[in-house]
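Chain by chain, the residues:
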Amino acid sequence: MNHLAHAFLAPDSPEARVGSILGDFTRGVELARFPTQVQLGVEQHWAIDGFTDRHPQVLASKACFSRERRRFAGVALDILYDHFLLRHWQRFSQTDRDTFVQRVYEDLQNHEDLMPEAMIIVTRRMVRYDWFGAYADLDQIGYALDRVAGRVRFPNRFTGIIEEIRDNEQELEERFLAFFPELQSFAGGFE
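Here's what I pulled together on the structure shown here.

About the thresholds
- Residues numbered from 1 in each chain as written.
- Predicted model: local features only at pLDDT ≥ 70, side-chain atom pairs only at ≥ 80, totals over all residues.
- Heavy atoms only, no water.
- Helix = DSSP H or I, 4+ residues; strand = E, 2+ residues; numbered from the N terminus.
- Rg over C-alpha atoms; globule rule 2.2 N^0.38 Å.
- Buried < 20%, exposed > 50% of the residue type's maximum accessible area, 1.4 Å probe, protein only.
- Polar contact = N/O pair within 3.5 Å; in protein donor to acceptor, adjacent residues only side chain to side chain.
- Contact = heavy atoms within 4.5 Å.
- 1 Å grid on protein atoms, 1.4 Å probe; cavity = no way out; pocket = protein on both sides within 12 Å on 5 of 7 lines; lining within 4 Å.
- Points joined across faces, edges and corners; volume = space filled by probe spheres on them.
- Nonpolar A, V, L, I, M, F, W, Y, C, P; charged D, E, K, R; others polar.
- Axes fitted to C-alpha atoms, helices over the stretch in contact; angles between N-to-C directions.
- Parallel < 35°, antiparallel > 145°, perpendicular 65-115°, else oblique.
- Expected span 1.5 Å × (residues − 1).
- Bend = angle between axes of the 7 residues up to and from the residue.
- Core = buried A, V, L, I, M, F, W, Y, C linked by side-chain atoms within 4.5 Å.
- Salt bridge = Lys/Arg side-chain N within 4 Å of Asp/Glu carboxyl O.

From N to C terminus, the protein chain includes 13 helices and 0 strands. Counting from the amino terminus, helix and strand elements in the protein chain follow one another as α-α-α-α-α-α-α-α-α-α-α-α-α. Here the C-alpha atoms of the protein chain give a radius of gyration of 16 Å, agreeing with the 16 Å that 2.2 N^0.38 yields for 191 residues. Taken along the three principal axes of its C-alpha coordinates, the protein chain extends 45 × 35 × 30 Å.

Now the structure itself:
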């Protein structure tokens, strides 16, 4: 899962939502120093990642990618799942999508004191460039994935993976729609 989905699935508190994103930035961070809700958000993040990585629909979705790109399929799916969540928001939430996104952005801006420096840098970019809003557009997903490819420190064939997503979009979307309600149920056990 990517940042939007983690924030969406987090327990309903600003600290837990910050913790849900902090789960990607914990290297060298002493979690015990954080408030309980932040710790809960981090723990849920890790549990969600484990659940996702083992889920049959996700494993089948990874198989849609070519052998050359399968190594990066998990990264591609994480970002694509934010797109599908935005596309099907009304199925999963009674809260207005744009209202929720603005709430997350405000949580991130108001709680930088809970973040390591690397997370502050990323979340400021996230808010400034409205990453979540951009993820509603499949072309922007392709752009984001190509940027990830450019940061990989070894030669790879990840650039252009959006073409494989487009070729398999219907199956990937159907598998997401089968998977996400189960993930939502699993994540609800953390509240």
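Along the chain, His88 turns up in the loop between helix H6 (73–87) and helix H7 (89–92). His88 gets classed as buried once you look at its relative accessible area, which sits at 13%. A distance of 2.5 Å separates polar atoms of two side chains, one belonging to His88 and the other to Glu173. Not counting residues within four places of it along the chain, the set of residues in contact with His88 comprises Glu173 and Leu177.

Turning to the layout of surface pockets, a few remarks are in order. Reported here for the largest pocket is a volume of approximately 960 Å³. Only helix H3 (36–54), helix H4 (56–62), H6, helix H9 (117–128), helix H10 (131–134) and helix H11 (138–151) provide two or more residues apiece to the lining of the largest pocket. Here the element with the most residues in the lining of the largest pocket is H11; it accounts for 6 residues. Residues belonging to the lining of the largest pocket are distributed by class as follows: 16 nonpolar, 5 polar and 8 charged.

It is worth spelling out the packing of H6 against helix H13 (residues 169–187) at this point. The geometry of H6 relative to H13 is characterised by a closest axis approach of 10 Å and an angle of 75° between their N-to-C directions. As summarised for this structure, H6 and H13 are arranged roughly perpendicular, according to the angle between their axes. Only Glu169, Leu172, Glu173, Phe176, Phe179 and Phe180 of H13 make contact with H6, whose side of the interface consists of Leu77, Leu80, Tyr81, Phe84, Leu85 and Arg87. Here the contact of H6 with H13 is composed, by residue class, of 9 nonpolar, no polar and 3 charged.

Our focus in this paragraph is H13. Given 3.6 residues per turn, any residue in an α-helix points the same way as the ones three and four places further on. Between its first and last C-alpha, H13 extends 25 Å over 19 residues, near the 27 Å set by a 1.5 Å rise per residue. Phe179 marks the point of greatest bend in H13, at about 25°, and the proline Pro181 comes within the next four residues. Looking at H13, one finds that the buried residues are Leu172, Glu173, Phe176, Leu177, Phe179, Phe180, Leu183 and Ala187. Contacts made by the buried residues of H13 are with helix H1 (3–9), H3, H4, H6, H7 and helix H12 (162–167).

Attention now goes to the nonpolar core. Burial of nonpolar side chains together is a common tendency in soluble globular proteins. Judged by nonpolar contacts, the single largest core of 62 residues is most densely connected at Leu85, Leu108, Ile165 and Phe180. For this core, the element with the highest residue contribution is H6, accounting for 9 residues. Sequence-distant contacts of Leu85, that is, excluding residues within four places in its chain, are made with Leu4, Ala5, Phe8, Phe92, Phe176 and Phe180.

Right, let's get into unusual backbone geometry. The backbone of Asp130 sits at a positive phi, close to 45°, despite the residue not being glycine. Within the secondary structure layout, Asp130 lies in the loop between H9 and H10.

Tallied over the full model, the rule gives 9 salt bridges. The closest approach of N and O atoms between Arg17 and Asp12, which form a salt bridge, is 2.8 Å. A residue is classified by how much of its surface remains accessible, and Arg17, at 5% relative accessible area, is buried. Taking the shortest distance from any N to any O, the salt bridge between Glu171 and Arg175 comes out at 3.0 Å. Placement of the pair is Glu171 and Arg175 together in helix H13, with a separation of 4 residues, close to one helical turn. For Glu171, a relative accessible area of 31% corresponds to the partly exposed category. What emerges from the salt-bridge pattern is a single network uniting Asp12, Arg17 and Asp107.

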